[in-house]
Amino acid sequence: MVFTTLAPLTNGAQWWVRGWDFPRLHIACVAVIAAILGFMLINTWTQIVAVLMICCALYQAVRIFPYSPMAKTELALTPDAPAEERVSLLSINVLMENTEHEKLRQLIDREDPDVLFLMETDAVWASALEEQLARYETVVLHPLVNHYGIIFATRLPARQAETVFLSDDETPTVLAELEGPSGAFFFVGLHPRPPVPGNDTEARDAQIKRAALLADRTYLPVVAMGDFNDVAWSWTAERFKEYGGFRDPRVGRGMLPSFDANSWLMRFPIDQLYLTEGLDLVSFDRLEHIGSDHFPMKAVIAVSPGE
């Protein structure tokens, strides 16, 4: 518990260091249980360990507290935004090996988003969604067989919509300048690599940082969305928010974990939504399981009046 608490403080890029950013709630719970057991044993050493466990639990609690309903929100909801000014966005990591294509087709048909961002899409997925994609005026296809393919589609007028590479790890990012019904905004769609054995986080961290700096929020407001493969409370996410001037709808509302959809215990908030000033949030929701290891994430936004 002490190691898993202290290791991420080094900000090392090794996967076995950064991976401990994810289970902070789990570490805190185990530390509390260990502390209780330590105090139950009349032994000086176990009680010293128990005190260390309390320190670990308190630190982890401080890190994840902003993502509890007890914290102050940093992004207010505006449910009274006029319906004609709203823009709906749907972001889904479909899981490349997932063969339940019909579930996603039905979800897209039902939600009918103005902006659709799909990750882990290969040629099979692109073919399976031809009917749905045909309804959109702008479609950017970048299918890959390495789990980092991307599909971006929108019915909004697009001044620009393209994939770019912000690092050298062959993971594309979507950049789009879109004209909403009440004003224009930038869309940034991200899906960097996760910290797993054999894959450290230098490229992921660089990609997230460059994405924050790339979209010019002084020109237009920005929405960033996608599977960041990083939890909302990590230092990388905090740096992304600082550099980009972003606000997180999860703060003050709860973790809303999106991965792993196939596990009730090991779930983490890694499918993110961030908005800069100039964008109002109408709603942010996690949708039903579609066979992927990620839940779909839907948001409804509007450009602030006067922007």
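Quick caveat: nothing in here was measured; it's all calculated off a predicted structure. (Residues numbered from 1 in each chain as written. Predicted model: local features only at pLDDT ≥ 70, side-chain atom pairs only at ≥ 80, totals over all residues. Heavy atoms only, no water.)

### Brief notes about the nonpolar core
Stage number 1. One finds Leu89, Phe185, Phe187, Val223 and Ile301 to be the most contacted residues of the largest nonpolar core, which totals 26 residues.
Stage number 2. Counting residues per element, this core draws most heavily on strand 11 (residues 297-303), at four residues.
Stage number 3. If we skip the residues at most four places from it in the chain, Leu89 touches Pro113, Val115, Phe187, Val223, Met225, Met297, Lys298, Ala299 and Ile301.
Stage number 4. Grouped together as the second largest cluster of nonpolar side chains are 18 residues, Val164, Ile208, Ala211 and Tyr274 included. (Core = buried A, V, L, I, M, F, W, Y, C linked by side-chain atoms within 4.5 Å. Buried < 20%, exposed > 50% of the residue type's maximum accessible area, 1.4 Å probe, protein only. Helix = DSSP H or I, 4+ residues; strand = E, 2+ residues; numbered from the N terminus. Contact = heavy atoms within 4.5 Å.)

### Quick look at the packing of helix 8 (residues 202-214) against helix 9 (residues 235-244)
Stage number 1. It is at 8 Å that the axes of helix 8 and helix 9 come closest, and there the two elements cross at 20 degrees. Between helix 8 and helix 9, the crossing angle belongs to the class labelled roughly parallel. When you trace helix 8 past helix 9, the crossing you get is right-handed. Seen from helix 8, the contacting residues are Arg204, Asp205, Ile208, Lys209, Ala211, Ala212 and Leu213; seen from helix 9, they are Trp235, Thr236, Arg239, Phe240, Tyr243 and Gly244.
Stage number 2. Here the residues of the contact of helix 8 with helix 9 are counted per class, giving seven nonpolar, two polar and four charged. (Axes fitted to C-alpha atoms, helices over the stretch in contact; angles between N-to-C directions. Parallel < 35°, antiparallel > 145°, perpendicular 65-115°, else oblique. Left-handed = near helix turned anticlockwise from the far one by under 90°. Nonpolar A, V, L, I, M, F, W, Y, C, P; charged D, E, K, R; others polar.)

### Points about a nonpolar patch on the surface
Stage number 1. Together, Val2, Leu6, Leu9, Trp45, Ile48 and Leu52 give the surface a local cluster of nonpolar side chains, amounting to about 600 Å² of exposed area.
Stage number 2. Counting residues per element, the ones that place at least two in the nonpolar patch are helix 1 (2-6) and helix 4 (44-64).
Stage number 3. Broken down by element, the nonpolar patch gets its largest block of residues, three residues, from helix 4.
Stage number 4. With respect to the element layout, Val2 can be found in helix 1. (Patch = residues over 30% accessible without salt bridge, like charges linked within 9 Å, V, L, I, M, F, W, Y side chains within 5 Å. Areas by Shrake-Rupley, 256 points an atom, 1.4 Å probe, with all protein chains shown as cover. Salt bridge = Lys/Arg side-chain N within 4 Å of Asp/Glu carboxyl O.)

### What to know about the environment of Val231
Stage number 1. Examined against the element boundaries, Val231 turns out to sit in the loop between strand 8 (222-227) and helix 9.
Stage number 2. Taking relative accessible area as the criterion, Val231 reaches 0% and is therefore assigned buried.
Stage number 3. Residues Val231 and Ile108, spaced 123 residues apart in sequence, show a C-alpha to C-alpha distance of 26 Å.
Stage number 4. The residues touching Val231, leaving out its near neighbours within four places in the chain, are Asp21, Phe22, Ala237, Phe268, Pro269, Ile270 and Gln272.

### Focus on the sheet that holds strand 6 (residues 173-180)
Stage number 1. Across the sheet, five strands lie side by side as 5-6-7-8-9; this open sheet has mixed pairing. Every other strand in the sheet has two partners, leaving strand 5 (158-164) and strand 9 (271-275) as the edge strands with one partner each. Neighbour to neighbour, the strand axes of the sheet diverge by 15 degrees on average, direction disregarded.
Stage number 2. Bridge count between strand 8 and strand 9: five bridges; the pairing is antiparallel. Paired with Val223 across the two strands is Leu275, which belongs to strand 9. (Pairing = 2+ DSSP bridges.)

### Quick word on the environment of Asp80
Stage number 1. Along the chain, the position of Asp80 falls in the loop between helix 4 and strand 1 (87-93).
Stage number 2. Between the C-alpha atoms of Asp80 and Tyr136, which are 56 residues apart in sequence, the distance is 27 Å.

### Considering the packing of aromatic side chains
Stage number 1. Taken as a whole, this structure holds 10 aromatic pairs when the rule is applied.
Stage number 2. On the basis of an interplanar angle of 90 degrees and a centroid distance of 5.8 Å, the ring pair of Phe22 and Phe268 is categorised as edge-to-face. Taken as a pair, Phe22 in the loop between helix 2 (15-18) and helix 3 (24-40) and Phe268 in the loop between helix 9 and strand 9 lie far apart in primary sequence, 246 residues in all.
Stage number 3. The buried category is assigned to Phe22, whose relative accessible area is 12%.
Stage number 4. For Phe268, a relative accessible area of 8% translates into the label buried.
Stage number 5. An angle of 65 degrees between the planes, with centres 5.9 Å apart, marks the rings of Tyr67 and Trp233 as edge-to-face. (Phe/Tyr/Trp six-rings, centres within 6.5 Å; stacked < 30°, edge-to-face > 60°.)

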